[in-house]
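# Secondary and tertiary structure notes
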Amino acid sequence: MKPITPAFPATRLRRLRRTEGLRAMVRENSLSPADFIWPVFVRDGEGVEEPIPSMPGVVRRSVDKVVQAAREAYALGIPAICLFPYTDPALKTKDCAEAWNPENLSNRATRAIKDAVPDLMVMTDVALDPYNITGHDGYMDETGYILNDETVEALVKQTLSQARAGSDIIGPSDMMDHRIGAMRDALEGEGFRNVAILSYAAKYASAFYGPFRDAVGASGAFKGDKKGYQMDPGNSDEAMRLIARDLSEGADMVMIKPGMPYLDICRRTKDMFGVPTFAYQVSGEYAMLAGAAERGWLDHDRVMLESLMAFKRAGCDGVLTYFAPAAARVLNG
Ligand SMILES: NCc1[nH]cc(CCC(=O)O)c1CC(=O)O
């Protein structure tokens, strides 16, 4: 694009900024509740909503409360909810078998939501960390290396158990090589032709996940970092290779994560591939904004909407955000 800008005063760019009406007419991007996927933390019990101190305004919900949240999301026009289980430490094992237990929290919540609000899309997370005694996303050998192919086998079992429970969208967040191809084959093999995969394709080894690890109870046992499988924050070309690879293995949509510090990657992805592109505004991003707003240092609703608009401007079709219900409420007036 080559803008034509005659000399002043023929051009006064402020003319179109004068009133709200003019600004609305020429606004290039818009936000709507349909842009959001709402990540929700699930725990056991009944009637429970337990605050997460590092994420002001976010709670862990028992399954009945998750169903209530799902009804609320649907009424607000949010198309999808994404489930993250807080697993009882007693259920964490070396083989992570709870990950594919048909009766695990994630599967119970999926069935309950699909039963109560069938038109709300349920997205489920594939990775071993909520079930792993090490807190890592995959199996570890004696040297501390995260094993790829053995982990992919487990992820396939987890994927199938989520599909059987009724998950509409599988979200692999593990960053193992070839998991998308393996999951796609397994889904086709079991007749789950229309289960979509939203791949966490470019997921960085980020310090912004801290509050999330508290929220799912993965912080305790976790030692070290995830740099051996998640991406180096210095890389951008590698993100394009990962996205190309995941698309070629059968991902329907791709995600960049975290969001705000990686908007350049979102834009590159959209320009290069033109596929449905999502970003995850992660727990640490939420904590920065919500925490500052709580102290009165930032205007909560304004920074929320501005940060979400940035994703649309960067080319994203949608964003996973803990602000989803609050933003939808503001947008719906
Ligand atoms: N598979 C783990 C997973 N899935 C989503 C998040 C982070 C989400 C957030 O911070 O909001 C993480 C954390 C991690 O990789 O350690």
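Residues numbered from 1 in each chain as written. Predicted model: local features only at pLDDT ≥ 70, side-chain atom pairs only at ≥ 80, totals over all residues. Heavy atoms only, no water.

- As recorded in an unreviewed UniProt entry, the chain goes by Delta-aminolevulinic acid dehydratase and comes from Marivita hallyeonensis.
- Regarding the chain, the relevant UniProt record gives this comment under Sequence similarities (unreviewed entry): "Belongs to the ALAD family."
- Check the Subunit (unreviewed entry) section of the UniProt entry for the chain; it says "Homooctamer." (UniProt positions renumbered as here; feature names shortened; annotations may be inferred.)

### Things to note about the overall build of the chain
- Helices and strands together make up the secondary structure of the chain, namely 11 helices and 10 strands.
- When each of the 333 residues of the chain is scored for burial, the buried share is 55%.
- In the chain, once contacts between residues fewer than 6 apart in sequence are set aside, the share between residues at least 24 apart is 74%.
- Element-wise, carbon and sulfur atoms account for 53% of the exposed surface of the chain, whose accessible area totals about 15300 Å². (Helix = DSSP H or I, 4+ residues; strand = E, 2+ residues; numbered from the N terminus. Buried < 20%, exposed > 50% of the residue type's maximum accessible area, 1.4 Å probe, protein only. Contact = heavy atoms within 4.5 Å. Areas by Shrake-Rupley, 256 points an atom, 1.4 Å probe, with all protein chains shown as cover.)

### Regarding the site of the ligand
- Around the ligand lies a shell of 18 residues, among which Lys-203, Arg-213, Lys-257, Ser-283 and Tyr-322 are the nearest.
- Asp-129 places a side-chain nitrogen or oxygen 3.1 Å from a nitrogen atom of the ligand.
- Note that an oxygen atom of the ligand is positioned 2.7 Å from one of the side-chain N or O atoms of Lys-226.
- Calculation on the ligand without its partners gives an accessible area of 410 Å², and the protein chains cover 100% of this total.
- A per-class count over the shell around the ligand returns 8 nonpolar, 3 polar and 7 charged. (Near = heavy atom within 4 Å. Polar contact = N/O pair within 3.5 Å; in protein donor to acceptor, adjacent residues only side chain to side chain. Nonpolar A, V, L, I, M, F, W, Y, C, P; charged D, E, K, R; others polar.)

### Here we look at unusual backbone geometry
- In the segment running from Phe-8 into Pro-9, the intervening peptide bond is cis, with an omega of 10°.
- Locating Pro-9 in the fold gives a position in the segment before helix H1 (20-26).
- Residue Pro-258 follows Lys-257 across a cis peptide bond; omega there is -5°.
- Tracing the sequence through the fold places Pro-258 in the loop between strand E8 (253-257) and helix H8 (263-273).
- Even without a glycine there, the phi angle at Met-175 is positive, about 70°.
- Among the structural elements, Met-175 can be located in the loop between strand E6 (169-172) and helix H5 (179-189).
- The phi dihedral of His-178 falls on the positive side, at around 70°, and the residue is not glycine.
- Note that His-178 resides in the loop between E6 and H5.

### With respect to the nonpolar core
- Counting 103 residues, the largest nonpolar core has Phe-41, Met-123, Tyr-280 and Leu-308 as the members making the most contacts within it.
- The residues contacting Phe-41, other than those within four sequence positions of it, are Ile-52, Met-55, Val-58, Val-59, Arg-60, Arg-61, Val-66, Phe-84, Phe-212, Ala-215, Val-216 and Tyr-322. (Core = buried A, V, L, I, M, F, W, Y, C linked by side-chain atoms within 4.5 Å.)

### Things to note about the pattern of salt bridges
- The tally for this structure, following the rule as stated, stands at 22 salt bridges.
- Glu-20 serves as the salt-bridge partner of Arg-23, at 3.3 Å between the closest nitrogen and oxygen. One end of the pair is Arg-23 and the other is Glu-20, both in helix H1 and 3 residues apart, which spans about a single turn.
- You can call Glu-20 partly exposed: its relative accessible area is 44%.
- Residue Glu-190 pairs with Arg-164 through a salt bridge whose shortest N-O separation is 2.8 Å. Here Glu-190 is found in the loop between H5 and strand E7 (196-203), whereas its partner Arg-164 is found in helix H4 (residues 148-165), with 26 residues between them in sequence.
- Look at Glu-190 and you get partly exposed, because its relative accessible area is 39%.
- Through salt bridges with shared partners, one network takes in Asp-174, Asp-177, Arg-179, Arg-245 and Asp-246. (Salt bridge = Lys/Arg side-chain N within 4 Å of Asp/Glu carboxyl O.)

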